[in-house]
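Commentary on secondary and tertiary structure
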Amino acid sequence: METGYFEEHKSEVNEVVIKELYLNNDKRFVVLDISGLLDTYNSSDFFRIIHRFLELEKRLVLVLDISKVNYMSSTGIGSCVEINRHCLKNNIKLYIKGMQKNVEEVFQLLGFYGFFNYIDELNDIKEEKIKRSLFPANIQCPYCSKKLKAQKTGSFKCPECLSAFRIVEANQEIKTEKRE
């Protein structure tokens with residue numbers, strides 16, 4: 001089942017194709033199949049068109065299938081963060097499905113990987129095979145062992161000993177690394 005919303009608005013988002021699918025023909029459970037590239041030139045239009053789409057009906061679950069997105073700039077990731085913010089505000093569960101390695105690296109580099117929930121297959125939602133965000137997390141400074149609260153990956157300075165360290169996420173674990 002499709003409403004044709006994205007077909008009607010395809011000229012508004014250059015270099016991105018969005019197709020809507022519904023789980024069990026229920027408009028509250030939507031999958032957006034996204035392909036192309038998200039960059040500075042189209043990310044605000046991308047967010048705007050998805051925001052308007054979400055406002056058309058009551059939604060409970062939104063899956064952004066980005067397996068066919070071959071490039072995403074920092075502004076493209078920013079539009080995903082805004083979609084996430086909208087979903088949180090409106091009690092919509094957001095999942096990202098099928099992220100290509102080069103896109104995942106940009107999410108990691110910018111420290112936004114931990115903001116989202118990820119699935120490999122749509123059945124993972126039912127089977128609770130969701131790779132959940134690990135943040136916020138309790139960590140310890142690798143130098144002085146002060147207990148800290150981490151909100152995301154990246155470089156930080158301990159407020160106690162003023163030593164610089166990195167927080168990384170790998171294999172669903174948060175690790176701290178000393179900076180040399």
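Residues numbered from 1 in each chain as written. Predicted model: local features only at pLDDT ≥ 70, side-chain atom pairs only at ≥ 80, totals over all residues. Heavy atoms only, no water.

Structural notes on the overall build of the chain
A tally of regular secondary structure across the chain gives 5 helices and 10 strands. For the chain, the spread of C-alpha atoms along the principal axes amounts to about 55 × 35 × 25 Å. Counting every position in the chain, which comprises 180 residues, the buried fraction comes to 41%. Contacts in the chain between residues at least 24 apart in sequence constitute 54% of all its contacts with a sequence separation of at least 6. By element, 48% of the accessible surface of the chain is carried by carbon and sulfur atoms, the whole surface being about 10,200 Å². (Helix = DSSP H or I, 4+ residues; strand = E, 2+ residues; numbered from the N terminus. Buried < 20%, exposed > 50% of the residue type's maximum accessible area, 1.4 Å probe, protein only. Contact = heavy atoms within 4.5 Å. Areas by Shrake-Rupley, 256 points an atom, 1.4 Å probe, with all protein chains shown as cover.)

Examining the sheet that holds strand β8 (residues 154-157)
Taken in spatial order, the 3 strands line up as β8-β9-β10 in an open sheet, and their pairing is antiparallel. Strand pairing shows two members of the sheet lacking a second neighbour, β8 and β10 (173-178), which therefore form its edges. Adjacent strand axes in the sheet meet at a mean angle of 30° when their direction is disregarded. Bridging between β8 and strand β9 (residues 164-170) involves 4 bridges; their strand directions are antiparallel. By the bridge assignment for β9, K157 is matched with A164. (Pairing = 2+ DSSP bridges. Axes fitted to C-alpha atoms, helices over the stretch in contact; angles between N-to-C directions.)

Looking at unusual backbone geometry
Here E15, not a glycine, exhibits a phi torsion of approximately 65°, which is positive. Phi is positive for N24, which is not a glycine, with a value near 55°. With respect to the helices and strands, N24 occurs in the loop between β1 (16-22) and β2 (29-38). You can call N24 exposed: its relative accessible area is 77%.

What to know about helix α2 (residues 43-56)
Here α2 contains 14 residues, and its C-alpha end-to-end distance of 20 Å stays within 8% of the 20 Å for a straight helix at 1.5 Å per residue. The complete set of buried residues in α2 reads S43, F46, I49, I50, F53 and L54. Angularly, the buried residues of α2 cover 140° about the axis, an arc narrow enough to put them on a single face. Residues of α2 that are buried in the fold lie against α1 (5-8), β1, β2, β3 (61-72) and α3 (74-89). (Expected span 1.5 Å × (residues − 1). Arc of directions from axis to C-beta.)

Let's talk about the environment of K126
Mapped onto the elements of the fold, K126 is located in helix α5 (residues 123-126). Spatially, the C-alpha atoms of K126 and S67 are 20 Å apart, while their sequence positions differ by 59 residues.

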